[in-house]
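Next come the chains, spelled out residue by residue.
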Amino acid sequence: MLIVMKMGASDEEVRGVLARLKEANLEGHLSPGEERVVIGAVGVIIDPDIRAQMSRMSGVEDVIAISRPYKLTGREFQEADTVIEVGGVKIGDGHMVVMAGPCSIENEDHMVSTAKAVKASGAQILRGGAFKPRTSPYAFRGLGEEGLQHLATAREETGLPVITEVMDSRDVELVARYADILQIGTRNMQNFMLLDEVGMAHKPVMLKRGLSATIDEWLLAAEYIMAKGNRDVILCERGIRTYETATRNTLDLSAIPVVKRLSHLPIISDPAHGTGHWYLVEPMARASMAVGADGLMIEVHPNPDHALSDGGQSLTLENFDSMMRSLEKIGEAVGNPLAPQPQLVTAD
Ligand code: PEP
Ligand code: MN
């Protein structure tokens, strides 16, 4: 951080700033200029409240942040891409990982048959929601633990690792017993107690971008998880609120290369929640691949018209299969090929 003193600031004011920096365990480096004094403050991480306090001190004209507000999530901290291995699938190693399955787990048959179909089409990870964050309390809110059991059965039958949402810090232990990846939904991106809790879980976490979160806020939310010791964080762009009404949200594709530049963490694109319409899922999935996403999250349902949630943005099994065939070609063309599927290990 740079502290720019006012023109004609007194020696006492400069000494006051240096003393405050020392109190905050920051090193102050003075550069006296012709017109004004500039003080460079150096520290591993600078508390934003200290920055705000400095800007209000007597004799201070301006305080300029130089480094990013996050540390562990930033490229400055780790230059090489983070690669997360889960159930034989690598996320972030230059291959595109497809997480597919229904929005909500509806019953065992539904989960297992959808899982088998998405596996046959080439998906590497299964998704399915057991705890559903719904806008209306009267909508279907998921099967809870029973749903997690169906998801675990689908994993056994297919050998694909599973991802599912945890909404409450009290449920982290329960969900982590079944899930291979814990999903934090958009509405909970800044639920800091929940972020702390999954930061202490021994499972990778996929953190969806908040409905109206800036990229800095999103990376700071990821920082909460990493600061508790969990380094296996995956980010997911799922669309943000804008004034556009033709789509449910605006899928911010530019966030993908921006995040790649700022952070070493893998980033997944979710064109279903990002657009809200099934016919936009394939084109936006193709585009996500081309801009370098590390993976996709896709909602798939054998009969979307009867889905208990998000039917309008879910692909049929046939449409999912044809999208995967098109992604094979795009992936080769743009140097972001589909990842290999994990091997099913059967005990005999
Ligand atoms: C979901 O993936 O099922 C979901 C609820 O997503 P989001 O949190 O992005 O709305
Ligand atoms: Mn959904």
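Cut-offs and rules
Residues numbered from 1 in each chain as written. Chains lettered and ligands numbered in written order. Predicted model: local features only at pLDDT ≥ 70, side-chain atom pairs only at ≥ 80, totals over all residues. Heavy atoms only, no water. Donors = N, O, S within 2.8 Å, 3.2 Å for Na, K, Ca; no water. Helix = DSSP H or I, 4+ residues; strand = E, 2+ residues; numbered from the N terminus. Pairing = 2+ DSSP bridges. Axes fitted to C-alpha atoms, helices over the stretch in contact; angles between N-to-C directions. Contact = heavy atoms within 4.5 Å. 1 Å grid on protein atoms, 1.4 Å probe; cavity = no way out; pocket = protein on both sides within 12 Å on 5 of 7 lines; lining within 4 Å. Points joined across faces, edges and corners; volume = space filled by probe spheres on them. Nonpolar A, V, L, I, M, F, W, Y, C, P; charged D, E, K, R; others polar. Near = heavy atom within 4 Å. Polar contact = N/O pair within 3.5 Å; in protein donor to acceptor, adjacent residues only side chain to side chain. Areas by Shrake-Rupley, 256 points an atom, 1.4 Å probe, with all protein chains shown as cover. Sits in = over half its atoms within 2 Å of the grid points. Salt bridge = Lys/Arg side-chain N within 4 Å of Asp/Glu carboxyl O. Buried < 20%, exposed > 50% of the residue type's maximum accessible area, 1.4 Å probe, protein only. Core = buried A, V, L, I, M, F, W, Y, C linked by side-chain atoms within 4.5 Å.

Novice: I'd like a rundown of the coordination of the manganese ion (ligand 2), residues and numbers included.
Specialist: Only Cys103 (SG), His273 (NE2), Glu299 (OE) and Asp310 (OD) from the protein reach the manganese ion (ligand 2) as donors, at distances of 2.0 to 2.4 Å. Binding-site remark: the manganese ion (ligand 2) is held by donors from one chain whose sequence spacing is C-x169-H-x25-E-x10-D. One end of the pair, Glu299, is in strand 14 (residues 295–299); the other, Asp310, is in the loop between strand 14 and helix 11 (317–334), with eleven residues separating them in the sequence.

Novice: I'd like a description of the sheet that holds strand 2 (residues 27–32), backed by residues and values.
Specialist: With antiparallel pairing, the four strands of this open sheet are ordered in space as 2-3-1-4. The open sheet has two edge strands, strand 2 and strand 4 (60–64), and neither has a second partner. Between one strand and the next, the sheet's axes are offset by a mean angle of 20°, whatever the strand orientation. Where strand 1 (residues 2–5) meets strand 3 (residues 37–42), three bridges bridge the pair, whose relative direction is antiparallel. When the sheet's bridge partners are listed, Leu2 is paired in strand 3 with Gly40. Packing of helix 1 (residues 11–23) onto the sheet brings it into contact with strand 1, strand 2, strand 3 and strand 4, and relative to strand 3 it is tilted by some 5°. Across the sheet, helix 2 (residues 48–55) touches strand 1 and strand 4, and the angle it forms with strand 4 is around 155°.

Novice: Now, about empty space enclosed by the protein: what can you tell me, with residues and values included?
Specialist: As enumerated under the stated definition, the model contains one cavity of 30 Å³ or more in all. The volume enclosed by the largest cavity comes to roughly 40 Å³. Taken together, Arg127, Gly128, Gly129, Lys132, Ile163, Thr164, Glu165 and Gln183 form the lining of the largest cavity. The element best represented in the lining of the largest cavity is strand 9 (residues 162–165), accounting for three residues. Residues belonging to the lining of the largest cavity are distributed by class as follows: one nonpolar, four polar and three charged.

Novice: Before we move on, could you go through the site of ligand 1 and cite the residues and values that matter?
Specialist: Residues in close proximity to ligand 1 include Arg127, Lys132, Pro133, Glu165, Gln183, Gly185, Thr186, Arg187, Lys208, Arg238, His273 and Glu299, which together make up its full environment. In this structure, Arg238 approaches ligand 1 through a side-chain N or O atom, which is 2.6 Å from an oxygen atom. Alone, ligand 1 offers 290 Å² of accessible surface; in the complex the protein occludes 97% of this. Taking a 2 Å distance to the grid points as the criterion, the majority of the atoms of ligand 1 fall inside the second largest pocket. Classifying every residue of the shell around ligand 1 by side-chain character gives one nonpolar, four polar and seven charged.

Novice: So what's going on with the pattern of salt bridges? Residues and values would help.
Specialist: The full count for this structure, using the stated rule, is 15 salt bridges. In this structure, the salt-bridge partner of Asp81 is Arg75, at a minimum N-O distance of 2.7 Å. Close ionic contact of Glu237 with Arg209 constitutes a salt bridge, the shortest N to O distance being 2.8 Å. A residue pair is termed long-range when its members are at least 10 positions apart, and Glu237 in strand 12 (residues 233–237) and Arg209 in the loop between strand 11 (205–208) and helix 7 (215–227) qualify at 28 residues. Note on Arg209: relative accessible area 4%, which makes it buried.

Novice: Residue-level account of the nonpolar core, with values.
Specialist: With 69 residues, the main nonpolar core has Leu182, Leu207, Ile298 and Phe320 as its most contacted residues. Element by element, the count of residues in this core is highest for helix 7, at seven residues. When neighbours within four sequence positions are excluded, Phe320 is seen to be in contact with Val98, Ala100, Val118, Ser121, Ala123, Ile298, Val300 and Leu315.

Novice: Run through the sheet that holds strand 13 (residues 267–269), naming residues and quoting values.
Specialist: Taken in spatial order, the eight strands line up as 7-8-9-10-11-12-13-14 and close into a barrel, and their pairing is parallel. Strand after strand, the sheet turns through a mean of 25° between neighbouring axes, direction not considered. Direction of pairing for strand 9 relative to strand 10 (residues 181–184): parallel, over a ladder of three bridges. Across the sheet, the residue bridging to Glu165 is Gln183, located in strand 10. Across the sheet, helix 3 (residues 108–121) is in contact with strand 7 (97–101) and strand 8 (125–127); its angle to strand 8 comes to roughly 145°. On the sheet, helix 7 packs against strand 11, strand 12 and strand 13 and is oriented at approximately 155° with respect to strand 12.

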